[in-house]
Amino acid sequence: MRRVLLSTRLLPEGFAELQKQFEVVFPENETFTRDELIALLPHFDAFVPTFVYPVDREMLDAAAQRVKIISNYGVGYNNIDIDYAAQLGIVVTNTPDPVIEPTAELALALMLAAARRIPECDRKVRIPDGLKWGVLENLGQSLTGKTLGIVGMGRIGQALARRALACGMHIVYYNRHRLSPDLEATYKATRLDLDDLIAACDVLSLNTPLSDETRHLIGRKQLQLMKRTAIIVNTARGAVIDEAALVEALQQGWIAAAGLDVYEFEPKITPALLAMDNVVLAPHNGTATVDTRNDIARFASQNIIRFFEGREDITRVN
């Protein structure tokens with residue numbers, strides 16, 4: 001029987017179908033250590049790392065003795081040296097479909113939380129005399145009638161656009177390629193150049209993969225173009241924003257607020273962000289629901305099963 005190694009102790013329910021056909025090995029603790037994985041990988045046919053577990057050349061050299069496929073548990077795969085994996089003949093796949101709706105859901109939640117100052121008021125209302133009650137106290141912003149600028153109008157961006165339309169927002173987007181006229185009509189969306197979008201939007205949502213082109217896509221120059229009432233939301237990758245510039249923008253009042261699920265140096269968060277009331281912070285949990293975790297497991301399992309069946313319909317990334 002072929003063997004599958006998991007880097008992390010994940011929910012078993014999503015791997016039920018895989019376990020019918022393969023021997024699936026979970027760590028006894030939360031994760032295997034790096035040294036344990038290097039020792040174990042030569043004895044397995046497939047490997048399932050989570051999207052935060054680094055798989056570098058040394059680990060790939062160990063895997064190459066037997067592993068034929070690395071089925072990454074997550075849509076992002078910058079944790080894996082995919083080019084070197086390809087050189088070694090190891091296929092790498094990801095799990096794009098299950099992350100679409102929950103990530104868009106969290107982006108909307110961060111928008112609402114930042115606009116209506118929900119976390120700030122929640123913290124303060126728990127403290128005796130922590131905030132002042134009154135008609136003109138604790139004022140936030142409405143989203144209805146405002147403009148949402150989406151950077152990266154892929155499937156997650158479109159899922160967010162659908163939700164934003166239901167909130168009565170107007171959609172502008174920036175993408176390398178223009179959407180079809182039918183899709184633009186569906187989302188009532190207008191494509192703008194990046195600087196024009198940044199200047200026009202009331203909420204800026206980042207939904208683009210991290211690459212050499214998108215690293216620090218939003219920096220000091222872009223933040224200074226934004227409205228002073230604008231909110232920035234990032235559920236993509238932390239390094240899409242220059243975090244030092246973001247801190248400056250929030251401290252200087254160039255923008256009003258931020259909702260962040262990802263960070264440039266995560267799990268470390270820039271201390272200044274932790275001290276700000278106008279920043280909503282989430283621990284990279286855009287897909288952190290029981291349903292989604294099991295859906296990702298089923299998708300990762302499906303890639304392995306189909307690969308060993310000789311099928312081509314897998315989400316290969318290298």
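Calculation criteria
- Residues numbered from 1 in each chain as written.
- Predicted model: local features only at pLDDT ≥ 70, side-chain atom pairs only at ≥ 80, totals over all residues.
- Heavy atoms only, no water.
- UniProt positions renumbered as here; feature names shortened; annotations may be inferred.
- 1 Å grid on protein atoms, 1.4 Å probe; cavity = no way out; pocket = protein on both sides within 12 Å on 5 of 7 lines; lining within 4 Å.
- Points joined across faces, edges and corners; volume = space filled by probe spheres on them.
- Helix = DSSP H or I, 4+ residues; strand = E, 2+ residues; numbered from the N terminus.
- Nonpolar A, V, L, I, M, F, W, Y, C, P; charged D, E, K, R; others polar.
- Phe/Tyr/Trp six-rings, centres within 6.5 Å; stacked < 30°, edge-to-face > 60°.
- Buried < 20%, exposed > 50% of the residue type's maximum accessible area, 1.4 Å probe, protein only.
- Lys NZ or Arg CZ within 6 Å of the ring centre and 35° of its normal.

- An unreviewed UniProt entry lists the protein under the name Lactate dehydrogenase, with Paludibacter jiangxiensis as the source organism.
- Under the Sequence similarities (unreviewed entry) heading, UniProt states for the protein: "Belongs to the D-isomer specific 2-hydroxyacid dehydrogenase family."

A few points about the layout of surface pockets
Here is step 1: Volume-wise, the largest pocket comes out at about 1,300 Å³.
Here is step 2: Lining the largest pocket are 45 residues, and of these Val75, Asn207, Thr208, Pro209 and Leu210 lie nearest its centre.
Here is step 3: Among the secondary structure elements, those contributing two or more residues to the lining of the largest pocket are α5 (100-115) and α7 (155-166).
Here is step 4: Class assignment for the residues of the lining of the largest pocket results in 19 nonpolar, 19 polar and seven charged.

Considerations on the UniProt feature "domain: D-isomer specific 2-hydroxyacid dehydrogenase catalytic" (unreviewed entry) in the protein
Here is step 1: According to UniProt, the feature "domain: D-isomer specific 2-hydroxyacid dehydrogenase catalytic" (unreviewed entry) maps to residues 4-318 in the numbering used here.
Here is step 2: End C-alpha to end C-alpha, residues 4-318 measures 20 Å, and it is 37% helix and 14% strand.

Focus on the packing of aromatic side chains
The relation between two aromatic rings is expressed through the spacing of the ring centres and the mutual angle of the planes.
Here is step 1: If you walk through the whole model with that rule in mind, you get three aromatic pairs.
Here is step 2: Ring geometry for phenylalanine 22 versus phenylalanine 308: centroids 5.8 Å apart, planes at 50 degrees, classification tilted. Taken together, the positions of phenylalanine 22 in the loop between α1 (16-21) and β2 (23-25) and phenylalanine 308 in helix α13 (residues 290-308) put the pair 286 residues apart, joining distant regions of the chain.
Here is step 3: In this structure phenylalanine 22 comes out as buried when scored by relative accessible area, which is 6%.
Here is step 4: Across the ring face of phenylalanine 44, the terminal group of arginine 3 is positioned such that the distance to the ring centre comes to 4.2 Å.

Concerning the UniProt feature "domain: D-isomer specific 2-hydroxyacid dehydrogenase NAD-binding" (unreviewed entry) in the protein
Here is step 1: Sequence positions flagged by UniProt for "domain: D-isomer specific 2-hydroxyacid dehydrogenase NAD-binding" (unreviewed entry) are, in local numbering, residues 108-286.
Here is step 2: For residues 108-286, the end-to-end C-alpha separation is 11 Å, with 35% helix and 16% strand making up the annotated structure.

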